[in-house]
Amino acid sequence: MFNFMKKDWNIVKHFKYFIIAPIAIILIGIIVLCFSGFNLGIEFAGGVELSVNFEENDVTQSQYNEIERAVRNQLQEAGLSVSDGSKISNGSVIDGVKFSYRIQIRSRDVDDPTIAVLNQMLKNGGSSLTEDNKTTLRTYLGDDFNFDNFKSISQVVSEQTNGEVTATPTDYTVGSSVSTRLFQTSLIALSVALVLILVYIIVRFRTLGADNGFVSGLKSGLAAIIALLHDVLIMMSFVIVAGWLFDLQITSTFVAAVVTIVAYSINNTIVVFDRIRDNVKRYRDVKSSEDIVNKSIKDVFTRSILTSATTILAILILTILGVASLREFTLPILVGLLAGTYSSLFIAPSLWKLFNGSSKKAKEPKNEK
């Protein structure tokens, strides 16, 4: 199937060429990050998410467009425009209910009481607020803001459909302190996972390489961890660029996608390292370490490509046919699968060879049948 792998293609020797594309992608992500920053969802940025729910059959396309236009105009008049961190997005049909709008107001620098009052105004309108509540919001919306003119989302929907449609807003509010804690917890969880993987690799491959024991396992572990960081950075670069271009947010689902890819990618890398260990025992005296690593990559190449291809196909179908919220998980997964397959074949083995130095073959290898 992969006839080019039957040729004497020296992957390790050309390692410097295989890292050009990943470095370029990561640099693009860093450049975009410097200009746009992270597009954090409300789990990590804090704020309010309000879903406007109504039966799918109750709303025509023209009504749908009028509702969206009216809601967007009201938010913009309040200074809560899309560019300032608010978002209106079309939802999908779940169990017969259409989540027509998802309004997000990310407010990382706003305190929790202000977020709570802002959520109340969106659901019940500005006239429902007490004077204390209005005072709280004026620091965020400005002293000249007219609360009486700000209608509730339900009222906007009713007016735009002449009372034919009744909307039920449901809210999801995350305070700034909670969002900071979630972000920190996610980083700690990922760091702990990488440390545990390093320990596992050290123990499993302590006999792999010229230095038996801890040093040998550490070299293998460092090669695997660097390959995993490559995968994570590629995923981060994709999400940063997609967030800048298409408003793809970094949410808890992205953290789940990263953890999933770390587990998947390390499995592929272990398969390659296992083959290297077997071939080291078999060809230590007749092949150089470079030849052994190249042969090991070729031995598992078809297996790795086919395994990844079947997984990618399944995720691709979910991405195409799934709901919009699911794509926040599947799109990073697709990128991570490609990055993980690439790193396990073209980066991790070459790094192992680099860390373990070179060994010359003692004699010409025997002809293999």
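For the structure, see preceding data.
Student: Would you take a moment to explain the environment of L331 for this structure?
Tutor: Position of L331 among the secondary structure elements: in helix α12 (residues 324–346). In this structure, the C-alpha to C-alpha distance between L331 and F238, residues 93 residues apart in sequence, is 9.1 Å.

Student: Please explain helix α11 (residues 289–321) as it appears in this structure.
Tutor: Here α11 spans 46 Å end to end across 33 residues, near enough to the 48 Å set by a 1.5 Å rise per residue. The largest bend along α11 reaches roughly 45 degrees and is located at V300.

Student: Before we go on, may I ask you to explain the side chain of T269 in this structure?
Tutor: The residue T269 is located in helix α10 (residues 252–283) in this model. Not counting residues up to four positions away in its chain, the partners in contact with T269 are A224, S344 and A348.

Student: How should I be thinking about the pattern of salt bridges in this particular structure?
Tutor: One side chain can pair with another of opposite charge once the charged atoms of both are near each other. The tally for this structure, following the rule as stated, stands at six salt bridges. Across the pair R277 and D274 runs a salt bridge, and its minimum N-O distance is 2.7 Å. With R277 and D274 both in helix α10 and three residues apart, the pair spans about one turn of that helix. When its relative accessible area of 18% is taken as the criterion, R277 is described as buried. Since its relative accessible area comes to 16%, D274 is described here as buried. Close ionic contact of R275 with D299 constitutes a salt bridge, the shortest N to O distance being 3.4 Å. Here D299 lies in helix α11 and R275 lies in helix α10, a separation of 24 residues in the sequence. Accessibility expressed as a relative area gives 31% for R275, which makes it partly exposed. According to the relative accessible area criterion, D299 is partly exposed, its value standing at 32%.

Student: Could you clarify how one ought to interpret helix α2 (residues 20–36) in this entry?
Tutor: In an α-helix, one turn spans 3.6 residues; hence positions three or four apart end up facing the same way. An ideal rise of 1.5 Å per residue puts 24 Å on 17 residues; α2 measures up with 24 Å between its terminal C-alpha atoms. What α2 keeps buried is the set P22, I26, G29 and V32. Looking down the long axis of α2, one finds its buried residues gathered within 125 degrees of arc, a one-sided arrangement. Those residues of α2 that are exposed and aimed more than 90 degrees away from the buried face are I20, C34 and F35. Downstream of α2 by a residue or two, G37 has a phi angle that is positive, lying close to 75 degrees.

Student: Explain the packing of aromatic side chains to me, please; I cannot follow it from the model alone.
Tutor: Aromatic ring pairs: the centre-centre distance and the angle between the two ring planes describe each pair. Enumeration according to the criterion identifies six aromatic pairs in this entry. Aromatic pair F18 and F346: ring centres 4.7 Å apart, planes at 20 degrees, arrangement stacked. With F18 in helix α1 (residues 15–18) and F346 in helix α12, this pair connects stretches of sequence that are 328 residues apart. The pair F18 / F346 is uniform in exposure class, with both members buried. Where F145 meets F150, the ring centres are 6.1 Å apart and the plane angle is 50 degrees; that geometry is what we call tilted. The two residues F145 and F150 agree in class, both being buried. Linked through ring pairs, F18, F301, Y342 and F346 together constitute an aromatic cluster. K287 extends its terminal NZ or CZ atom over the ring of Y283, reaching a point 5.4 Å from the ring centre.

Student: I'm lost on the packing of helix α9 (residues 214–246) against helix α13 (residues 348–356) in this one. Help?
Tutor: Axes are the key here: two packed helices are described by the angle between their axes and the distance separating the axes. Two numbers describe how α9 lies on α13: the axes approach to 9 Å, and their chain directions differ by 145 degrees. As α9 packs across α13, the resulting crossing turns out to be right-handed. Between α9 and α13, the residues in contact are K219, S220, L222, A223, I226 and A227 and A348, L351, W352, F355 and N356, respectively. Per-class residue counts for the contact of α9 with α13 are eight nonpolar, two polar and one charged.

Student: Could you clarify how one ought to interpret the packing of α10 against α11 in this entry?
Tutor: Between α10 and α11, whose axes approach to 9 Å, the crossing angle comes to 150 degrees. Here α10 lies roughly antiparallel to α11, going by the angle between them. In this structure, α10 meets α11 at a crossing whose hand is right-handed. Along its contact with α10, which presents Y264, N267, N268, V271, V272, R275, I276, N279, V280 and Y283, the element α11 presents I292, V293, K295, S296, D299, V300, R303, T307, S308 and T311. Its residues assigned to classes, the contact of α10 with α11 comprises nine nonpolar, seven polar and four charged.

Parameters and conventions
Residues numbered from 1 in each chain as written. Predicted model: local features only at pLDDT ≥ 70, side-chain atom pairs only at ≥ 80, totals over all residues. Heavy atoms only, no water. Helix = DSSP H or I, 4+ residues; strand = E, 2+ residues; numbered from the N terminus. Expected span 1.5 Å × (residues − 1). Bend = angle between axes of the 7 residues up to and from the residue. Contact = heavy atoms within 4.5 Å. Salt bridge = Lys/Arg side-chain N within 4 Å of Asp/Glu carboxyl O. Buried < 20%, exposed > 50% of the residue type's maximum accessible area, 1.4 Å probe, protein only. Arc of directions from axis to C-beta. Phe/Tyr/Trp six-rings, centres within 6.5 Å; stacked < 30°, edge-to-face > 60°. Lys NZ or Arg CZ within 6 Å of the ring centre and 35° of its normal. Axes fitted to C-alpha atoms, helices over the stretch in contact; angles between N-to-C directions. Left-handed = near helix turned anticlockwise from the far one by under 90°. Nonpolar A, V, L, I, M, F, W, Y, C, P; charged D, E, K, R; others polar. Parallel < 35°, antiparallel > 145°, perpendicular 65-115°, else oblique.

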